[in-house]
Amino acid sequence: MSVPIETVEPLLQAWSAGDLAARDALLALVYDDLKHLASRHLGSEAVGHTLETTALVNEACADLLGRADPTWQHRPQFFAFMSAVMRHVLVDHARRRGAVKRGGDQIRVALREDLMGATVDLHSILDIESAFTRLAAQAPRLAQVAECRLFGGMADAEIAQAVGTSERTAAREWQRARAWLRIALSEHSREPSNEQAEEPTDRPHP
């Protein structure tokens, strides 16, 4: 992220203490960084979506402002949260449009092959949500680590701070999450649209 930690974190902590002026100053300060985060969610090669980067940021911020009692301490923690909010905005948007099968005008998101190592790098947001939901049910922190890495663009040190673990553990858990998601998304790309994928055989254990 482009805004320095020493500028962001005092505002986060002031906002957590109830300072709404700090909240407004923070959101104005990190708006461009949030647009960058939104572009990662939409994918640089995404096709068929109607939700533009700015609209995604604005919807995510509106969702954020409706939440009470934030407890921000660190920049990675805040951006990890915003990444999760953006993903849920996209999922809700896809569902409202009745995107119940692959193809058509369904929102599709490019996952970079250097991150996923997958043979197919274009998946629908609903496929991704299904995979993340299944992973989170089995190993919640692995899902959080994967979201920070894939969509938040965070390095291991930032992920460790966001999820409250060591950098070494964050790196190890990303490798486990990536292997799990590769299998899950590969199953989605092979299965008929009206059938549910079986659980990956290489699923991680909490």
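Residues numbered from 1 in each chain as written. Predicted model: local features only at pLDDT ≥ 70, side-chain atom pairs only at ≥ 80, totals over all residues. Heavy atoms only, no water.

S.K.: So what exactly am I meant to see when it comes to the overall build of the protein here?
M.R.: Looking only at helices and strands, one finds 10 helices and 2 strands in the protein. For the protein, the residues scored as buried account for 46% of the 206 residues in total. Taking the intrachain contacts of the protein between residues at least 6 apart in sequence as the baseline, contacts between residues at least 24 apart amount to 65%. Surface summary for the protein: the accessible area is close to 10,000 Å², and the carbon and sulfur share equals 49%. (Helix = DSSP H or I, 4+ residues; strand = E, 2+ residues; numbered from the N terminus. Buried < 20%, exposed > 50% of the residue type's maximum accessible area, 1.4 Å probe, protein only. Contact = heavy atoms within 4.5 Å. Areas by Shrake-Rupley, 256 points an atom, 1.4 Å probe, with all protein chains shown as cover.)

S.K.: Could you clarify how one ought to interpret the side chain of Glu173 in this entry?
M.R.: Its place among the elements puts Glu173 in helix H10 (residues 167–190). The class for Glu173 is buried, based on a relative accessible area of 10%. The residues contacting Glu173, other than those within four sequence positions of it, are Arg141, Leu142 and Val145.

S.K.: In this structure, what is going on with the packing of aromatic side chains? I would like to understand it.
M.R.: Geometry of an aromatic ring pair is reported as the spacing of the ring centres plus the angle between the planes. Evaluation of the coordinates by the stated rule reveals 3 aromatic pairs. Ring centres of Phe132 and Phe151 lie 6.1 Å apart, and the angle between their planes is 40 degrees; on these two criteria the pair is classed as tilted. Note that Phe132 is positioned in helix H7 (residues 125–138) and Phe151 in the loop between helix H8 (140–150) and helix H9 (156–163), a separation of 19 residues in sequence. According to the relative accessible area criterion, Phe132 is buried, its value standing at 4%. Assessed through its relative accessible area of 1%, Phe151 is described here as buried. Chaining the aromatic ring pairs together yields one cluster made of Trp15, Phe78 and Phe79. Looking at Arg87, its charged tip hangs above the ring of Phe132, at a distance of 4.6 Å from the centre. (Phe/Tyr/Trp six-rings, centres within 6.5 Å; stacked < 30°, edge-to-face > 60°. Lys NZ or Arg CZ within 6 Å of the ring centre and 35° of its normal.)

S.K.: Whenever I open this one, the pattern of salt bridges confuses me. Can you help?
M.R.: Side chains that differ in charge, positive against negative, can pair when their charged atoms come close. Overall, the coordinates contain 6 salt bridges when judged by the stated rule. Here Glu158 and Arg75 are joined by a salt bridge, their closest N and O atoms 3.9 Å apart. Of this pair, Glu158 sits in helix H9 while Arg75 sits in helix H5 (residues 75–96), and the two are 83 residues apart along the sequence. With a relative accessible area of 23%, Glu158 lands in the partly exposed category. Across the pair Glu129 and Arg87 runs a salt bridge whose closest N-O atoms are separated by 2.2 Å. Taken together, the residues Glu129 in helix H7 and Arg87 in helix H5 connect sequence positions 42 residues apart. On the basis of relative accessible area, Glu129 is assigned to the buried category, the value being 10%. Residue class for Arg87 comes out buried when judged on its relative accessible area of 7%. (Salt bridge = Lys/Arg side-chain N within 4 Å of Asp/Glu carboxyl O.)

S.K.: I keep staring at the environment of Pro10 and nothing clicks. Help me out?
M.R.: By the secondary structure assignment, Pro10 is in helix H1 (residues 5–16). As for Pro10 and Gln73, which are separated by 63 residues in sequence, their C-alpha atoms are 8.5 Å apart.

S.K.: Teacher, can you tell me more about the nonpolar core here?
M.R.: Here is a general trend for soluble globular proteins: nonpolar side chains tend to be buried in one another's company. In terms of nonpolar packing, the biggest core is built from 52 residues, with Leu34, Phe78, Met82, Met86, Phe132, Leu135 and Leu181 touching the most fellow members. Among the elements that make up this core, the one with the highest residue count is H5 (10 residues). (Core = buried A, V, L, I, M, F, W, Y, C linked by side-chain atoms within 4.5 Å.)

S.K.: Would you take a moment to explain the packing of H5 against H9 for this structure?
M.R.: For any two helices packed against each other, the geometry is given by the interaxial angle and the distance between the axes. Between H5 and H9, whose axes approach to 8 Å, the crossing angle comes to 85 degrees. In terms of their interaxial angle, H5 and H9 are classed as roughly perpendicular. Counted together, Arg75, Pro76, Gln77 and Ala80 of H5 and Glu158, Gln161 and Ala162 of H9 form the full contact between these two elements. For the contact of H5 with H9, a count of residues per class yields 3 nonpolar, 2 polar and 2 charged. (Axes fitted to C-alpha atoms, helices over the stretch in contact; angles between N-to-C directions. Parallel < 35°, antiparallel > 145°, perpendicular 65-115°, else oblique. Nonpolar A, V, L, I, M, F, W, Y, C, P; charged D, E, K, R; others polar.)

S.K.: I would appreciate a short explanation of the environment of Glu167 in the present structure.
M.R.: Of note, Glu167 is situated in helix H10. Along the sequence, Glu167 and Ala155 sit 12 residues apart, while their C-alpha atoms lie 9.2 Å from each other.

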